[in-house]
Amino acid sequence: MPRNLPQILSIFLEMTDAGYCALLRADAQGTIHELYSAGPPGAFSPRLAAQALARRHPAFDHAVSSRDRTALAQGAGTVIARRIRDDTLLYAWWPPQTPPPDPRLIDLLDAAVTALLDAQNGYDGFRSAAAAAPHLPDDARYIPTPDGPFVWRSPAMREILDLVRLLAPTPDPILLTGPSGVGKTLLARIIHDLSGRTGRFVPTSAAERPGTLLHAALFGVRPGAYTGAPTEAQEGLVELAHEGTLFLDEAAEIDDAAQAALLRVLESGTYYPLGSPYPKETNARWILATARPERLRPELQYRCAAVLRIPPLQERPEDITPAFTAHARLPLDPAAVAFIESLPWPGNLRQVAATARLASRIAQQQNRDRILRRDVEAALRLSHPGDRTP
């Protein structure tokens with residue numbers, strides 16, 4: 001949840017004499033839940049909300065032509081409900097005899113809330129495929145990130161994203177596991193975007209810097225710490241991630257000394273720059289990732305609030321077509337869909353994305369308006385010479 005949302009809702013409440021203002025969400029069963037509210041406790045009435053929406057669901061009544069739906073519920077006051085996401089509603093209520101505000105104020109509130117949600121890829125970022133990309137299957141879900149789209153429709157990924165939504169606002173460390181290419185970096189970015197943290201998302205990989213160099217990169221280094229150390233103090237990535245998130249990929253590749261230092265910072269929020277006898281504090285949120293969790297110290301795994309395993313595509317074949325289509329520039333021919341779903345994709349999402357982009361270019365060079373099976377086969381031959389399949 002963006003940190004400014006509570007203030008914005010409270011200001012709107014004061015400006016318009018509203019009795020209650022909130023963001024609401026409807027689940028797949030049609031139950032309406034309160035995400036955040038401003039107003040007296042107990043002001044939210046699911047019954048009144050349902051009346052205001054004429055009990056239509058899903059997505060808060062897509063069939064309603066007007067953007068606002070206003071209801072006078074038997075003298076209970078005035079309700080204005082505006083859909084700002086597929087499953088998220090901006091909802092306000094005014095007591096009896098209190099006139100509703102100028103519609104332009106509703107527009108301003110709508111614009112402010114929408115801008116905040118867009119700034120972190122939507123409140124939960126779980127957009128419908130139709131709203132995100134026209135070629136995606138209708139039942140797919142889509143989260144845009146600066147590192148690329150995260151797309152899924154499998155029950156396994158739905159469970160993981162539900163946990164992500166629950167864990168993201170907490171400051172606790174999280175461990176992401178799963179084979180290479182399944183989307184651990186994208187998921188870490190999503191967790192940060194949903195966390196409401198105001199600092200930066202700082203990614204790094206333990207495999208890029210061995211031993212002392214990794215310690216120095218993470219925690220900083222002081223002059224004379226080792227032969228060839230910088231002549232001036234340098235801050236580490238932990239400092240850059242202040243008020244934000246530090247994502248450490250390939251965490252199992254770090255040595256025992258670095259794992260001990262990492263455990264210290266996870267437990268106490270303190271660390272020692274290399275060559276310094278004085279501890280420093282950090283409030284960075286840590287997300288660790290590895291394809292080999294068995295190589296991590298058990299204490300590190302126990303310290304993480306959750307261990308989320310992202311399954312390979314072979315365990316969730318329903319996600320192959322959405323992942324391919326999200327990176328393709330053209331729609332897929334049905335025969336191409338059947339073909340890509342028959343392949344094992346050992347490189348997972350990374351390999352699917354690269355193949356989709358190359359198959360798109362091949363089809364475009366042939367002036368086709370869709371990707372055929374032979375375009376996918378040609379892309380695979382180029383990326384995997386001598387092998388028809390990944």
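Structure shown above.
Our subject in this report is the structure included herewith. No experiment lies behind these values; they were computed from the predicted model shown. Per chain, residues are indexed from 1 in the order of the written sequence. Where totals are concerned, whole chains, interfaces and linings use all residues; where local detail is concerned, this predicted model gives features only for residues with pLDDT of at least 70, and gives and counts side-chain atom pairs only at 80 or more. Side-chain metrics rest on all non-hydrogen atoms present in the structure, leaving aside hydrogens and water.

### Observations concerning the packing of aromatic side chains
Here comes step 1: Under the pairing criterion, centres of Phe, Tyr and Trp rings, with the six-membered ring standing for Trp, must be within 6.5 Å; the plane angle then separates stacked pairs below 30 degrees from edge-to-face pairs above 60, leaving the rest tilted. This structure, assessed with the given rule, holds 4 aromatic pairs.
Here comes step 2: Aromatic side chains Phe150 and Trp152 sit 6.1 Å apart centroid to centroid with 50° between the ring planes, which places their arrangement in the tilted category. The residues Phe150 and Trp152 share a single accessibility class, namely buried.
Here comes step 3: With 6.4 Å between their ring centres and 40° between their planes, Phe219 and Trp286 make a pair best called tilted. Only protein chains enter the area calculation, which uses a 1.4 Å probe; residues under 20% of their type maximum are buried, those over 50% are exposed, and those in between are partly exposed.

### Focus: the environment of Pro210
Here comes step 1: The helix count covers DSSP runs of H or I at least four residues long, the strand count covers runs of E at least two residues long, and both are numbered beginning at the N terminus. Locating Pro210 in the fold gives a position in the loop between strand S10 (201–205) and helix H7 (211–219).
Here comes step 2: Taking C-alpha positions, Pro210 is 8.3 Å from Glu253, a pair spaced 43 residues apart along the chain.

### Examining the pairing of strand S14 (residues 285–290)
Here comes step 1: In terms of burial, S14 is largely enclosed, as 6 of its 6 residues are buried.
Here comes step 2: Neither face of S14 is left uncovered, since the one carrying Arg285, Ile287 and Ala289 and the one carrying Trp286, Leu288 and Thr290 both have all their residues buried.
Here comes step 3: Being paired, for any two strands, means DSSP has found at least two bridges between them. Bridge analysis of strand S11 (residues 245–249) against S14 gives 4 bridges, and the strand direction is parallel. The partner of Leu248 across the bridge, within S14, is Leu288.

### Brief notes about the environment of Lys280
Here comes step 1: Within the fold, Lys280 resides in strand S13 (residues 280–281).
Here comes step 2: Lys280 sits in the partly exposed class, given a relative accessible area of 22%.
Here comes step 3: Considered as a pair, Lys280 and Gly269 are 11 residues apart in the sequence and their alpha carbons are 8.4 Å apart.
Here comes step 4: Contacts are assigned to residue pairs with any non-hydrogen atoms lying within 4.5 Å of each other. Not counting the four nearest positions on each side in its chain, Lys280 is found in contact with Arg222, Glu235, Glu239, Gly269, Thr270, Tyr271 and Pro273.
Here comes step 5: Counted as a polar contact is a pair of N or O atoms within 3.5 Å, where, for protein atoms, one must be capable of donating a hydrogen and the other of accepting one, and residues adjacent in sequence contribute only when both atoms are in side chains. Engagement of the side chain of Lys280 in a polar contact is seen with the side chain of Glu239, the distance being 3.4 Å.

### As for the side chain of Ser360
Here comes step 1: Tracing the sequence through the fold places Ser360 in helix H13 (residues 348–365).
Here comes step 2: Take Ser360: its relative accessible area is 0%, and that puts it in the buried class.
Here comes step 3: With sequence-adjacent residues up to four places away left out, Ser360 is seen in contact with Ala328, Arg329, Leu330 and Ile371.

### Comments concerning H13
One turn of an α-helix holds 3.6 residues; hence residues three or four places apart share an orientation.
Here comes step 1: Here the expected span of a helix is defined as 1.5 Å times the quantity of residues minus one. The terminal C-alpha atoms of H13, which comprises 18 residues, lie 26 Å apart, in line with the 26 Å expected from a rise of 1.5 Å per residue.
Here comes step 2: Taken together, the buried positions of H13 are occupied by Asn348, Leu349, Gln351, Val352, Ala353, Thr355, Ala356, Leu358, Ala359, Ser360, Ile362 and Ala363.
Here comes step 3: On its buried side, H13 packs onto helix H11 (320–327) and helix H14 (373–383).

### Observations regarding the packing of helix H5 (residues 155–167) against helix H6 (residues 184–195)
Here comes step 1: Lines fitted to C-alpha atoms define the axes, with helix axes restricted to the stretch in contact, and inter-axis angles between N-to-C directions lie between 0 and 180 degrees. Viewed as axis vectors pointing N to C, H5 and H6 meet at an angle of 35°, and their least axial separation amounts to 9 Å. H5 and H6 meet at a crossing whose hand is right-handed. Along the contact surface, H5 presents Ile160, Leu161 and Val164, while H6 presents Leu187, Ile190, Ile191 and Leu194.
Here comes step 2: Under the scheme applied here, ten amino acids are nonpolar (Ala, Val, Leu, Ile, Met, Phe, Trp, Tyr, Cys and Pro), four are charged (Asp, Glu, Lys and Arg), and all others, including Gly, are polar. By residue class, the composition of the contact of H5 with H6 is 7 nonpolar, no polar and no charged. In this scheme the handedness of a crossing depends on how the near helix is turned from the far one: anticlockwise by less than a right angle means left-handed, clockwise means right-handed.

### Observations regarding the pattern of salt bridges
Here comes step 1: Salt bridges are defined by distance alone: a side-chain nitrogen of Lys or Arg within 4 Å of a carboxyl oxygen of Asp or Glu. If you walk through the whole model with that rule in mind, you get 13 salt bridges.
Here comes step 2: Salt-bridge contacts for Arg309 lead to Glu315; the nearest nitrogen and oxygen are separated by 2.9 Å.
Here comes step 3: Assessed through its relative accessible area of 44%, Arg309 is described here as partly exposed.
Here comes step 4: Arg368 serves as the salt-bridge partner of Asp375, at 2.3 Å between the closest nitrogen and oxygen.
Here comes step 5: Within the structure, one salt-bridge network assembled from shared partners comprises Glu235, Glu239 and Lys280.

### Digging into the packing of H11 against H13
Helix-helix packing: each pair is described by the crossing angle between the helix axes and the interaxial distance.
Here comes step 1: In the contact formed by H11 and H13, the axes pass within 8 Å of each other and the chain directions differ by 50°. The angle between the axes of H11 and H13 places the two elements in the oblique class. In terms of crossing hand, the pair formed by H11 and H13 is right-handed. Residues Ile320, Ala323, Phe324 and His327 of H11 form the contact with H13, whose own contacting residues are Leu349, Val352, Ala353, Thr355, Ala356, Arg357 and Ala359.
Here comes step 2: Grouping the amino acids of the contact of H11 with H13 by side-chain chemistry returns 8 nonpolar, 2 polar and 1 charged. Here the word oblique covers every angle except those under 35 degrees (roughly parallel), over 145 (roughly antiparallel) and from 65 to 115 (roughly perpendicular).

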